[in-house]
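Tertiary structure, described
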Amino acid sequence: VPQEPLLMRGSVRTNLDPFDSHDDATLSEVLSKVGLNPNLLNQADRDASQILSAGERQMLSLARALLSRARIVVCDEPTSNVDMYSDRKIQDILRHHVISKKRTLITIAHRLQTVVDYDKVLVMDEGTVKEFDSPVRLLRDNKSVLYSMANRSGGSKMVGHLLKLAVGSLTS
């Protein structure tokens, strides 16, 4: 799932299922999962890039990823170009329809909240791995790079907030 959703010229159906390998029920179900109206499938004469907002285009990219049933889903800043509502929705979809299905989710992100509840976080700087561990362990270590990033972005209050989110994800 890229930062900028890639849409081909064509309908929502064509963009969702370019090889026409899924039935209508499956396409409707995946559109519903990402919060898009399944009636979009009936608009064959309308170009998806013309009728969908930026957030909806991102949801369509996410729907395409869910439809693929890939064991590994890679997201490159999937929430960087969407509003806060769409950001939260994308995160919820990733958690409930990717992670809960025992798929591997790899996310490139600059927003710490995006990945703080993941199993592991890999922190890189200038192409070099700086640390790799659970967010809880890294946020509890005031010498870690992740801790420093959180502290720079909002002080001890931000560190505490992120740690609370990370710990909460272990119990849910």
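Predicted, not measured: the structure shown is a model, and the values here were computed from it.

Structural notes on unusual backbone geometry
- Unusually for a residue other than glycine, Asp20 sits at a positive phi of about 50°.
- Relative to the helices and strands, Asp20 resides in the loop between helix 1 (12–16) and helix 2 (24–33).
- Assessed through its relative accessible area of 61%, Asp20 is described here as exposed.
- One non-glycine residue with positive phi stands out, namely Glu77, at about 50°.
- Checked against the element boundaries, Glu77 lands in the loop between strand 1 (72–76) and helix 5 (84–97).

Points about the packing of helix 4 (residues 54–68) against helix 5
- Between helix 4 and helix 5, the least distance of the axes is 11 Å, while the angle of their chain directions is 5°. It follows that helix 4 is roughly parallel to helix 5 by the angle criterion. In contact with Gly55, Gln58, Met59, Leu62 and Leu66 of helix 4, helix 5 contributes Ser86, Lys89, Ile90, Ile93, Leu94 and His97.
- Considering only residue class, the contact of helix 4 with helix 5 consists of 6 nonpolar, 4 polar and 1 charged.

Topic: empty space enclosed by the protein
- All chains considered together, the criterion is met by 1 cavity of 30 Å³ or more.
- Here the largest cavity defines a volume of roughly 40 Å³.
- Surrounding the largest cavity, Leu112, Val115, Val116, Val121, Leu139, Leu146, Ala150 and Leu162 form its lining.
- A per-element tally of the lining of the largest cavity places helix 8 (residues 145–171) first, with 3 residues.

Considering the layout of surface pockets
- Computed from the structure, the largest pocket encloses a volume of approximately 1,500 Å³.
- Along the walls of the largest pocket sit 44 residues, with Thr114, Val115, Val116, Asp117 and Tyr118 positioned nearest its centre.
- For the lining of the largest pocket, the elements supplying multiple residues, two or more each, are helix 5, strand 2 (104–108), helix 6 (112–115), strand 3 (121–125), helix 7 (135–140) and helix 8.
- Split by residue class, the lining of the largest pocket holds 24 nonpolar, 11 polar and 9 charged.
- Estimated volume of the second largest pocket: approximately 210 Å³.
- Lining the second largest pocket are Thr26, Glu29, Val30, Lys33, Leu66, Leu67, Arg69, His97, Lys101 and Arg103.
- Elements represented by at least two residues in the lining of the second largest pocket include exactly helix 2 and helix 4.
- Of all the elements, helix 2 adds the most residues to the lining of the second largest pocket, at 4 residues.
- Considered class by class, the residues forming the lining of the second largest pocket number 3 nonpolar, 2 polar and 5 charged.

Things to note about the nonpolar core
- If you look at the biggest cluster of nonpolar residues, it comprises 43 residues, and the most contacted ones within it are Leu16, Val34, Leu60 and Leu94.
- Other than its neighbours up to four places away in sequence, Leu94 contacts Leu62, Cys75, Pro78, Ile99, Leu105 and Tyr118.

How each quantity is defined
- Residues numbered from 1 in each chain as written.
- Predicted model: local features only at pLDDT ≥ 70, side-chain atom pairs only at ≥ 80, totals over all residues.
- Heavy atoms only, no water.
- Helix = DSSP H or I, 4+ residues; strand = E, 2+ residues; numbered from the N terminus.
- Buried < 20%, exposed > 50% of the residue type's maximum accessible area, 1.4 Å probe, protein only.
- Axes fitted to C-alpha atoms, helices over the stretch in contact; angles between N-to-C directions.
- Parallel < 35°, antiparallel > 145°, perpendicular 65-115°, else oblique.
- Contact = heavy atoms within 4.5 Å.
- Nonpolar A, V, L, I, M, F, W, Y, C, P; charged D, E, K, R; others polar.
- 1 Å grid on protein atoms, 1.4 Å probe; cavity = no way out; pocket = protein on both sides within 12 Å on 5 of 7 lines; lining within 4 Å.
- Points joined across faces, edges and corners; volume = space filled by probe spheres on them.
- Core = buried A, V, L, I, M, F, W, Y, C linked by side-chain atoms within 4.5 Å.

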